[in-house]
Amino acid sequence: VVRDVLAHLAVPQAHRDPQGTHAPIDVRMLDNGRLLVALNGPSQVVEIDRTGQVVWSVMSKQSVSTARRLDNGNTLVAETGGPSGGRAVEYDASGRTVWEFSGLKYCYSAERLPDGSTLLADEKGVREVHPDGKERLLHSVKAYSRATRY
């Protein structure tokens, strides 16, 4: 099903693999039955309805690793890096940046915690960033690609 839906996306041929997919790196089913898809090739996050139509999208400045829809309707995206480095960024429904934590070499995943903090996996390990910008390194080890608090 996901492959059929992704086949409808208008992504340049250069970003498709030989099977014709569009480099989806993270796919999540939303409560409304739509898909939230992080596309690494075109550095884009899209929301796709059940007919395969893109109903929301945002272009990222960096390669995208994960995307999560937040309870407030915004979307939290982990950008793995590029010329200006990795970051976690929150976009509102209009695609405007409303929160950002930058200065990372790479950011592999981002998850908003119930207290408003953000859990990040980056090149140095797992860290927690509080809404006021203070951060705490939870576990220092290289090569984390995902972190989730249960």
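Provided above is the structure to which this section pertains.
Counting starts from 1 at the beginning of each chain's written sequence and moves along it residue by residue. Reporting of local features is limited, given that this is a predicted model, to residues whose pLDDT is at least 70; pairs of side-chain atoms are given and counted only at 80 or more, and all residues count toward the totals for whole chains, interfaces and linings. Side-chain figures throughout are based on the complete set of non-hydrogen atoms in the structure, without hydrogens or water.

(A) Seen up close, the overall build of the protein. Put simply, DSSP H or I for four residues or longer makes a helix, DSSP E for two residues or longer makes a strand, and each gets a number counted from the N terminus. Counting secondary structure elements, the protein contains one helix and twelve strands. In the protein, the order of α-helices and β-strands from amino to carboxyl end is α-β-β-β-β-β-β-β-β-β-β-β-β. A simple rule labels every residue: compare its accessible area, found with a 1.4 Å probe on the protein chains alone, to the largest value its type can have, and call it buried under 20%, exposed over 50%, or partly exposed in between. Split into buried and exposed, the 150 residues of the protein put 47% on the buried side. Any pair of residues with heavy atoms lying within 4.5 Å of one another is described as a contacting pair. Expressed as a percentage of contacts within the protein between residues at least 6 apart in sequence, the contacts between residues at least 24 apart total 29%. Put simply, the protein shows about 8,000 Å² of open surface, and 49% of that area lies on carbon and sulfur atoms. Here the Shrake-Rupley method, with its probe set to 1.4 Å, supplies the accessible areas, and only the displayed protein chains count as covering residues.

(B) Representation of the sheet that holds strand β5 (residues 63–69). Here, strands pair whenever DSSP counts at least two bridges between them. Read from one edge to the other, the open sheet built from four strands follows the order β5-β6-β7-β8, with strand pairing classed as antiparallel. Each edge of the sheet is formed by a strand with only one pairing partner; in this case those strands are β5 and β8 (97–104). Recorded for the sheet is a direction-independent mean angle of 15 degrees between the axes of neighbouring strands. Where strand β7 (residues 86–91) meets β8, five bridges bridge the pair, whose relative direction is antiparallel. Looking across to β8, one finds that A88 is bridged to F101. Orientation is described by lines fitted to C-alpha atoms, with helices fitted over the stretch in contact, and by angles between N-to-C directions that extend from 0 to 180 degrees.

(C) The side chain of S117, seen in detail. The residue S117 is located in the loop between β9 (107–112) and β10 (118–122) in this model. The class for S117 is buried, based on a relative accessible area of 1%. N or O atoms within 3.5 Å of each other form a polar contact, as long as, within protein, one can give a hydrogen and the other can take it, and as long as residues adjacent in sequence are counted only when both atoms are side-chain atoms. Side-chain polar atoms of S117 contact the side chain of H130, separated by 3.1 Å. For S117, the residues in contact, after removing those within four places along its chain, are E111, R112, E128, V129, H130 and P131.

(D) Quick look at the pattern of salt bridges. A carboxyl oxygen of Asp or Glu within 4 Å of a side-chain nitrogen of Lys or Arg is what we treat as a salt bridge. All chains considered together, the criterion is met by ten salt bridges. Between E79 and R87 there is a salt bridge, with its nearest N and O atoms 2.6 Å apart. With respect to class, E79 is no different from R87; both count as buried. Across the salt bridge formed by R87 and E100, the nearest N and O atoms sit 3.1 Å from each other. You can see R87 sitting in strand β7 and its partner E100 sitting in strand β8, a full 13 residues away along the chain.

(E) View of the environment of V98. Mapped onto the fold, V98 is located in strand β8. Remark: the alpha-carbon pair of V98 and T75, spanning 23 residues in sequence, is separated by 9.9 Å. Not counting residues within four places of it along the chain, the set of residues in contact with V98 comprises N74, E90, Y91 and D92.

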